[in-house]
Amino acid sequence: MMTPDMTSMERRAGVVQALRKAGAVGVSGETLAHQLGISRAAVGKHVSALRECGYLITSTPGVGYTLKRVPNLPLPFEVYPLLHEPDCDLYGGAETGSTNDDAKALAAQGAPDKSVVLAGRQLAGRGRLGREWVSPEGGLYLSFVLRPQASIAQMASLSLIIGLGVLRAVRRLGAKDVKLKWPNDVLMPNGKLCGILLEMVAQMERVDAVIPGIGVNVNRSKGALENGAYLSDQLGELESARVAAVMIDSICGIYDEWRQEGCRFQPFAQEYVNDLSLVGDEVCVRRIDGTVEAEGVVRGIDGDGCLIVGDRHVLAGDVTLRVPEV
Ligand code: BT5
């Protein structure tokens, strides 16, 4: 499932590029091997790996390989060439259990800051508090390994920063009327577009890595949630690899800004509140155990990323709108 290293990822990207260029005419294994500076056996291995990911590549004696169909999946070797500033390592494949579990395993193996795991489907996608994240094909599922030099309190605000990064990305793709729902949902008018799950890999008191996992609904497909929002609802069918590249550029960009600002949320508070969906709404914030933490009108967000509800500053919780009694 994992892409072993950059070189093999680049080679795979090279094979796809050469096949695309050859079009319906096709290209021989020998020519591919020569162009890429690898053996014919290695070409055969890359072609097999691509077929496993859903590429339809035919092989005809005397003609060679012909690319017939490219799957719409955020595969690392499709995403990498589209990155604006490729200063991250990409891993992943068509399908996995949960990209957060894969990223945690990578972090435990010592993967550097800004390693990214991508998938086009998840078999065990997780939300917060053991909830499910519905993860069929048509979605984008990605998790980062981040290693900021920040305190645990500062890390908590990172999930808001990631939310802002997602919002910037979907706007860049052309989506309209997108809003943030504190702490970590991105909404379109017809429902939830994206969820973020922030997990930590810690030893005793020290945080080794933070793993933000991001689920974005891209194209409505079989298995899509009826009450979820999909980018395709507004923008028509999109290429998952392009969505992934815009997302990774945006998140790496805002992560760099956040670190330059000393890992403080305060410099981003105004931008966040401008796009906050809840300001002026009457809400109820509940703790993990379901008990009420705060009730009242949302006034904004403070410099630490806490939601201001009435005169309370709330650090964490699940927010629901309070429907007036009739
Ligand atoms: C979240 O949880 O919103 C965090 C979701 C994080 C998913 C990513 S995908 C990549 C990485 N790998 C993982 O295994 N997870 C992360 P929460 O706030 O608990 O919201 C979960 C709730 O959102 C569910 O109970 C449903 O009501 C709703 N939901 C589930 N799947 C959805 C989807 N695809 N679109 C919209 N809403 C969904």
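The structure under discussion appears in the preceding block.
As the structure is a prediction and not an experimental result, all values here were calculated from the model.

Caption draft 1: Molecular detail of the overall build of the chain. When its secondary structure is counted, the chain shows 10 helices and 14 strands. Taking 20 Å as the expected radius of gyration for a compact globule of 326 residues, we find that the chain reaches 22 Å, a close match to that expectation. For the chain, the spread of C-alpha atoms along the principal axes amounts to about 75 × 45 × 30 Å. Evaluated residue by residue, the chain yields a buried proportion of 52% over its 326 residues.

Caption draft 2: Structural context of the site of the ligand. Taken together, 25 residues sit near the ligand, with Ser98, Arg126, Arg131, Lys192 and Asn217 positioned nearest. In the model, an oxygen atom of the ligand is placed 2.7 Å from a nitrogen or oxygen of the Arg131 side chain. The set of elements that each furnish at least two residues to the shell around the ligand consists of helix 5 (99–108), strand 5 (139–145), strand 8 (191–203) and strand 9 (206–217). When its residues are assigned to classes, the shell around the ligand shows eight nonpolar, 11 polar and six charged.

Caption draft 3: The side chain of Ser240, seen in detail. Note on placement: Ser240 falls in helix 9 (residues 240–260). Relative accessible area serves as the criterion here: at 1%, Ser240 is assigned to the buried category. Not counting the four nearest positions on each side in its chain, Ser240 is found in contact with Asn72, Leu73, Pro74 and Asn219.

Caption draft 4: Quick peek at helix 7 (residues 158–172). For helix 7, built from 15 residues, the straight-helix expectation of 21 Å at 1.5 Å per residue is met to within 8% by its first-to-last C-alpha distance of 21 Å. With 12 of its 15 residues buried, helix 7 lies for the most part within the structure. All of the buried residues in helix 7 are Leu158, Ser159, Leu160, Ile161, Ile162, Gly163, Leu164, Gly165, Val166, Leu167, Ala169 and Val170. Immediately beyond the C-terminal end of helix 7, within one or two residues, lies Gly174, with a positive phi of roughly 110°.

Caption draft 5: Representation of the pattern of salt bridges in the model. Within this structure, the stated rule accounts for 22 salt bridges. A salt bridge links Arg322 to Glu282, with the shortest nitrogen-to-oxygen separation between them at 3.1 Å. Here Arg322 is found in the segment after strand 14 (318–321), whereas its partner Glu282 is found in strand 10 (residues 282–286), with 40 residues between them in sequence. Owing to a relative accessible area of 35%, Arg322 belongs among the partly exposed residues under this scheme. The exposure class assigned to Glu282 is partly exposed, which follows from its relative accessible area of 34%. Salt-bridge contacts for Glu295 lead to Arg322; the nearest nitrogen and oxygen are separated by 3.2 Å. With Glu295 in strand 11 (residues 292–301) and Arg322 in the segment after strand 14, the pair connects residues that are 27 residues apart, well separated along the chain. Taking the relative accessible area as the measure of exposure, Glu295 reaches 46% and is therefore partly exposed. Members of the salt-bridge network, linked through shared partners, are Asp87, Asp113, Lys114, Asp256 and Arg259.

Caption draft 6: Inspection of the sheet that holds strand 7 (residues 185–188) at higher detail. With mixed pairing, seven strands are arranged side by side in an open sheet as 3-4-5-9-8-7-6. If you trace the sheet from one side to the other, it starts and ends with strand 3 (89–93) and strand 6 (179–181), each paired once. Ignoring which end each strand starts from, the neighbouring axes of this sheet average 20° apart. Sheet topology note: the strand 7/strand 8 ladder contains four bridges and is antiparallel. Of the residues in strand 8, the one forming a bridge with Leu187 is Lys192. Sheet strands touched by helix 5: strand 3, strand 4 (115–119), strand 5, strand 8 and strand 9. Its angle to strand 5, the strand with the most contacts, is close to 20°.

The rules behind these values
Residues numbered from 1 in each chain as written. Predicted model: local features only at pLDDT ≥ 70, side-chain atom pairs only at ≥ 80, totals over all residues. Heavy atoms only, no water. Helix = DSSP H or I, 4+ residues; strand = E, 2+ residues; numbered from the N terminus. Rg over C-alpha atoms; globule rule 2.2 N^0.38 Å. Buried < 20%, exposed > 50% of the residue type's maximum accessible area, 1.4 Å probe, protein only. Near = heavy atom within 4 Å. Polar contact = N/O pair within 3.5 Å; in protein donor to acceptor, adjacent residues only side chain to side chain. Nonpolar A, V, L, I, M, F, W, Y, C, P; charged D, E, K, R; others polar. Contact = heavy atoms within 4.5 Å. Expected span 1.5 Å × (residues − 1). Salt bridge = Lys/Arg side-chain N within 4 Å of Asp/Glu carboxyl O. Pairing = 2+ DSSP bridges. Axes fitted to C-alpha atoms, helices over the stretch in contact; angles between N-to-C directions.

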